[in-house]
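# Summary of structural features
Listed below are the residues making up each chain.
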Amino acid sequence: MKDILVHLDGGERDRILIEVARGLAKRHGARLTALFARNDPQRTSAMARQASDHLRLAQETGAKLFAQLTEGAGVETRWWQLPHGEAGMVEGETVFCARYFDLVVMGQYHSQSSNVGDDLVEQVILNGGRPVLVIPYAGAIASVAERCVVAWNAGREATRAIHDSLTLLQAAKSVTVLSMRPKSADAAIDALSAMPATDIVDHLKANGINADGEHLPDENIGKMDMLLSRACDLGADLMVMGAHGQYGLSRLRGSGTRYVLKHMTLPVLMGN
């Protein structure tokens, strides 16, 4: 992980986003780029694709904050900003820029403090092609990726998320894999002795990660609530999970991703 992007929008959590991204960049010897991208509150300026005075002031304030918080941190930095705040361009260009980095750091959407569309984070996750670390809109962030939990269902998206986060997991103090597969499914596979003995915890250990594994109980409580609850019990400061888009025939596909993005209480890294 040598190239990190942090998205800023002039919101009240920009300071925390910069601090988290700065810490990760320093820990991993990475370059840190800030992308200031937000919707322009002046509709006429947005329609004309020209930055309003309000947007230019927000850009200047953001650039000063970024410079202030990264000065003397021993991290190579860059400042990027979009030329105007038309909503479609903000979403499209943020997704596009994300493709040129190892990790993207973004803030959870909150209607009272976000200056971007409510689906920007989800669009970057699903269409950017890179792992996205989402920081909750509430609460202090004392640490990130020291005590990790991994949501595992043996799906493509979960596999991508784990391998996109290997660098973070290798540096973590503890990693717990929370299996979302029913025990009966694993038992059925084990009964077929001719099948390969696949084990995601074993694979993580082969990558130098001292991981433990747990099965989530088969209860009536929703799986996403169970994930968030168990992560809280473990004192986790990062959850790694695969992200699903709403595609195919099932309307439920993608609902878990949106649920976590709405109800998350700890930083979540999503891969697709």
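For the structure itself, look to the data block above.
All right, on to the packing of aromatic side chains then. In the structure shown here, the tally under the stated rule is four aromatic pairs. Here Phe36 and Trp79 contribute two aromatic rings whose centre-to-centre distance is 6.0 Å and whose plane-to-plane angle is 35 degrees, an arrangement assigned as tilted. Here Phe36, found in strand S2 (residues 31–36), pairs with Trp79, found in strand S3 (residues 77–81); they are 43 residues apart in sequence, far enough to count as distant. Classification of Phe36 by relative accessible area gives buried; the value is 1%. Ring geometry for Phe66 and Trp79: centres 5.9 Å apart, planes at 45 degrees, overall tilted. With Phe66 in helix H3 (residues 53–70) and Trp79 in strand S3, this residue pair connects regions lying 13 residues apart in the sequence. For Trp79, a relative accessible area of 26% translates into the label partly exposed.

Quick look at the pattern of salt bridges now. Following the criterion strictly, the structure yields eleven salt bridges and no others. For Arg156, the salt bridge is made with Glu157, and the minimal N-O distance between the two is 3.5 Å. Across the pair Glu214 and Arg230 runs a salt bridge whose closest N-O atoms are separated by 2.9 Å. With Glu214 in strand S8 (residues 211–215) and Arg230 in helix H10 (residues 223–233), this pair connects stretches of sequence that are 16 residues apart. A relative accessible area of 27% means that Glu214 is categorised as partly exposed. Assessed through its relative accessible area of 26%, Arg230 is described here as partly exposed.

Turning next to the packing of helix H4 (residues 87–98) against helix H5 (residues 120–127). Packing of H4 against H5 brings their axes to within 9 Å, and their N-to-C directions diverge by 40 degrees. Relative to H5, the element H4 is oriented oblique. Pair H4 / H5 crosses with right-handed handedness. Residues Val90, Glu91, Thr94, Val95 and Ala98 of H4 pack against Leu120, Gln123, Val124 and Asn127 of H5. Of the residues in the contact of H4 with H5, the class split is five nonpolar, three polar and one charged.

What follows deals with the sheet that holds strand S6 (residues 147–152). What the ten strands build is an open sheet, ordered S3-S2-S1-S4-S5-S10-S9-S6-S7-S8; its pairing is mixed. Edge positions in the sheet fall to S3 and S8, since each of these pairs with one other strand and no more. Each strand of the sheet is rotated relative to its neighbour by a mean of 20 degrees, with strand direction disregarded. Bridge count between S6 and strand S7 (residues 174–179): six bridges; the pairing is parallel. Within the sheet, the bridge partner assigned to Ala151 lies in S7 and is Leu178. H3 rests against strand S1 (3–8), S2 and S3 of the sheet, and its axis sits at about 170 degrees to S3. Against the sheet, H10 engages S6, S7, S8 and strand S9 (238–242), with an angle of about 155 degrees to S9.

Quick look at the side chain of Ser45 now. The residue Ser45 is located in helix H2 (residues 43–47) in this model. Judged by relative accessible area, Ser45 falls into the buried class, the value being 16%. Residues contacting Ser45, with those up to four places away along its chain left out, are Asp40, Gln50, Ala51 and Ser52.

Rules used in this analysis
Residues numbered from 1 in each chain as written. Predicted model: local features only at pLDDT ≥ 70, side-chain atom pairs only at ≥ 80, totals over all residues. Heavy atoms only, no water. Phe/Tyr/Trp six-rings, centres within 6.5 Å; stacked < 30°, edge-to-face > 60°. Helix = DSSP H or I, 4+ residues; strand = E, 2+ residues; numbered from the N terminus. Buried < 20%, exposed > 50% of the residue type's maximum accessible area, 1.4 Å probe, protein only. Salt bridge = Lys/Arg side-chain N within 4 Å of Asp/Glu carboxyl O. Axes fitted to C-alpha atoms, helices over the stretch in contact; angles between N-to-C directions. Parallel < 35°, antiparallel > 145°, perpendicular 65-115°, else oblique. Left-handed = near helix turned anticlockwise from the far one by under 90°. Contact = heavy atoms within 4.5 Å. Nonpolar A, V, L, I, M, F, W, Y, C, P; charged D, E, K, R; others polar. Pairing = 2+ DSSP bridges.

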